[in-house]
Each structure stands twice: as C-alpha cells, then as structure tokens.
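Coordinate analysis (summary)
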Amino acid sequence: MRGVKAIAHAAWGACIAAVLSGCGERTASGFQGYAEGEYVLVAAPAAGRLEKRWVSRGEEVAAAAPLFVLEQENEKASRREAEERVRNAEAKLANIAAGRRKPELDAIQAQEAQAAAARELSQRQLKQQEALHARGFLSAASLDAARSNYNRDIARVAETEAQIRLARMAIGRDKEIAAAQADVESARAVLAQSDWRLAQRAIGVPAGAPAKTLVHDTFYAEGEWVAAGNPVVSLLPPGNLKLRFFVSETAVGSLKVGQAVRAACDGCSAPIMAKISYISRQAEFTPPVIYSRDQRAKLVFLVEARPEPGDAAKLKPGQPLDVFLN
C-alpha cells in the first residue's frame, strides 16, 4: 500500500475564473485555488486472479475493512504443509526430551539380566576348565576359550548397564535435543512465512485510516488477473484533502507555514478553515490557460493548506476555491 499525490486534473478549470484577474493576483475575491486529494493506491505485493472485491467506487469504508482478496489455493496448501512440519518437529523434540519409554527400559533391563546370567555361567565353566587343565585333562587352547567367553559376558553386562543409565537420564543427549529444537524453530519460521504470504492475498483498509474512508476508484473486476504491485483500489481519506492556490511574488513574503486561511466555494454554507502547510520556494509562470501576454509574464508561488478535519469532508478534488488570509 502506498500513498501518492493525485494529479490535479481540475487545475485548468480552477483557473478559468482567473482569466481577468490572474491566478496569482490578490483581488477582493482572494486567491484563486482548488481542492486536491492525495490518494492511497492499495495493491497486493504478489500477482494473482482477483477472487473477490468487497467494495465499489463511491463507498465509504471503515478502518481495517476488507477491500479485496486474490486466489489463495496455493498459499493455503503451502501453509498446511508447513503446519504439518511443525507438528512433526515438535513431536520429535518431545520424544527425545522425554528419554526412553518404560517398555523400552524394561527390555534393556531384561537384556541386562540375561547378560548377568550368561556371565555367571561362563564364570563357573571357566573354573571347571581351570581345574581340568591343572590335572592335565584339558588343553591350554580350551582354557583360553573359556576365559574369553567369560570376559565377553562381563563386557555384555557392562554394556547393558550403561544403556540403562543412559535411558534413565537426558544427560549426554544435549546436542541431540538442541538439534531437535532447531528443527522446531526452523519449521515455525517456515509456517510464519506461509502465514504472511497468505495474508498478502487478502487486503483491507490500512489500520491507521480514519473511521470513514472514501473508495475513490476501482481498477479491476472480479476474475481479472492482477499483476504484482498494481493498485486494485484507490482510497481518499478525509485527511488527505488539501487546498492549493497560487500567490504573486509580492504577496508570498507575508505568508508562513502554520498561518490560518479560510476558503469559500460555490455551495459552501460556511467558510472552510485551514492552515498553510507548504510554500513553494520556486517561482513558476501562471497556468498556461491564461493567454494574456501581461499575465503570462507574471510569476506565482504555489501554496498548500490543510483544512480542519471537520471541513475536509466538504471538499471534492478539483473543486474551485477562493482562499482568504485571516
């Protein structure tokens, strides 16, 4: 969404009344000027088919009201995929952080009991083999084999005891848990991106807009393809209306920013109060609609004034005005 300065199409008409007096010449009727609007062109950052446009030209809409929505099927599918990845990553993290489940721990303990029994058996067999070897009834190779079996069973018991200790505590799994947490954060970031892309398909009135904002124009109908960045709706908030008038070089020196002025227009029941917000530092010729050579030689300065909030709604862009200094 971006605010742009509207082109003053009605500037020529506003100065027609000044043919005899000159746009920049101060007369009994004040300075000649006109109202101008600064339009807010609302666009979507991505391209797509216009699925629904909620507003029409000339309507007044409230802040945060929906304006239009582009097709969202692809973005919705991407969000569902990202949401599923978050659930999977969170489940993996919970499983790692919780350690081994009780059935798994029971199985390891059973393996530890089997290893202990095998160790006891191999220990008795080793003693028997040693006795036979001492009497000369058993070879040294058989004795070595019995001793090797006993050492093997001792190692198995130590292994299963270490597995039980590891299953009962999360210490030693810090890196594994940290990696799982990183996977969760990454999945959540992807989900946030999906949410953002989905939100960009449905555009509403800017949250900071006034209570009532005029829909000045619409540029696309439902079903049409909208290119990325192209405005779909043009808004004109009341605070974006201003007065524009031209003063001669002899009068511009007496003006200052913040100075109060009043404007009158055909059909206005009361003066429109405003304050000067801008005085051009660059001189320009009177608008070219003035064909008089004498008038064409005169230089004028552009001045802008912001009306009071209550008076801004009375103005229409391009409306001719007579501006008076207070």
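Just so you know, these numbers come straight off a predicted model, no measurement behind them. (Residues numbered from 1 in each chain as written. Predicted model: local features only at pLDDT ≥ 70, side-chain atom pairs only at ≥ 80, totals over all residues. Heavy atoms only, no water.)

**Focus: the side chain of Asn240**
- Here Asn240 is to be found in the loop between strand E10 (231-236) and strand E11 (241-248).
- From its side chain, Asn240 meets the backbone oxygen of Glu38 in a polar contact 2.8 Å long.
- With residues near it in sequence (within four places) discarded, Asn240 still touches Glu36, Gly37, Glu38, Val40 and Arg306. (Helix = DSSP H or I, 4+ residues; strand = E, 2+ residues; numbered from the N terminus. Polar contact = N/O pair within 3.5 Å; in protein donor to acceptor, adjacent residues only side chain to side chain. Contact = heavy atoms within 4.5 Å.)

**Points about the state of the cysteines**
- In this structure the tally under the stated criterion is 1 disulfide.
- Disulfide pairing places Cys265 opposite Cys268 at an S-S distance of 1.6 Å. (Disulfide = S-S within 2.5 Å.)

**Some remarks on the pairing of strand E12 (residues 260-264)**
- Here E12 shows a buried face lined by Val261 and Ala263 and an unburied face lined by Ala260, Arg262 and Ala264.
- Bridge count for E12 against strand E13 (residues 272-279) is 4 bridges, and the pairing is antiparallel. If you follow Val261 over to E13, its bridge partner there is Ala274.
- Sheet topology note: the E12/strand E16 (residues 320-325) ladder contains 4 bridges and is antiparallel. In the strand pairing of E16, Val261 is matched with Leu325. (Buried < 20%, exposed > 50% of the residue type's maximum accessible area, 1.4 Å probe, protein only. Pairing = 2+ DSSP bridges.)

**Examining the environment of Lys92**
- Within the element layout of this structure, Lys92 appears in helix H2 (residues 73-98).
- As for Lys92 and Ile177, which are separated by 85 residues in sequence, their C-alpha atoms are 9.3 Å apart.

**Here we look at the pairing of strand E8 (residues 213-218)**
- Where strand E5 (residues 60-61) and E8 come together, 2 bridges link them in antiparallel fashion. Note that in E8 the partner of Glu60 across the bridge is Leu214.
- Across 4 bridges, the pairing between E8 and E10 is antiparallel. The residue bridging Asp217 from the neighbouring strand is Ser234, located in E10.

**Some details on unusual backbone geometry**
- For Ala64, which is not a glycine, the phi torsion comes out positive at approximately 70°.
- Topologically, Ala64 is positioned in the loop between E5 and strand E6 (66-70).

**Some remarks on the sheet that holds strand E9 (residues 225-226)**
- Ordered by their spatial adjacency, 4 strands build an open sheet running E7-E6-E4-E9, and the pairing between neighbours is antiparallel. Strands with a single pairing partner mark the edges of an open sheet, and in this sheet they are strand E7 (202-204) and E9.
- Pairing of E6 with E7, which is carried by 3 bridges, proceeds in the antiparallel orientation. Paired with Val69 across the two strands is Ala202, which belongs to E7.

**Regarding the pattern of salt bridges**
- Inspection of the entire model under this criterion finds 21 salt bridges.
- A salt bridge links Arg87 to Glu84; its shortest N-O distance comes to 2.4 Å. Placement of both Arg87 and Glu84 in helix H2 is noted, with a separation of 3 residues, approximately one turn of the helix.
- For Arg87, a relative accessible area of 42% corresponds to the partly exposed category.
- Connected through shared salt-bridge partners, Glu36, Glu38, Lys242, Arg244, Glu304 and Arg306 make up one network. (Salt bridge = Lys/Arg side-chain N within 4 Å of Asp/Glu carboxyl O.)

**Section: the side chain of Ser248**
- With respect to the helices, strands and loops of the structure, Ser248 is situated in strand E11.
- Taking the relative accessible area as the measure of exposure, Ser248 reaches 15% and is therefore buried.
- At 2.9 Å, the side chain of Ser248 and the side chain of Thr250 are in polar contact.

**Considering the packing of aromatic side chains**
- This structure, assessed with the given rule, holds 1 aromatic pair.
- For the pair Phe31 and Phe245, a centre-to-centre distance of 6.0 Å together with 20° between the ring planes defines the contact as stacked. Here Phe31 is found in strand E2 (residues 31-37), whereas its partner Phe245 is found in strand E11, with 214 residues between them in sequence. Each member of the pair, Phe31 together with Phe245, is buried. (Phe/Tyr/Trp six-rings, centres within 6.5 Å; stacked < 30°, edge-to-face > 60°.)

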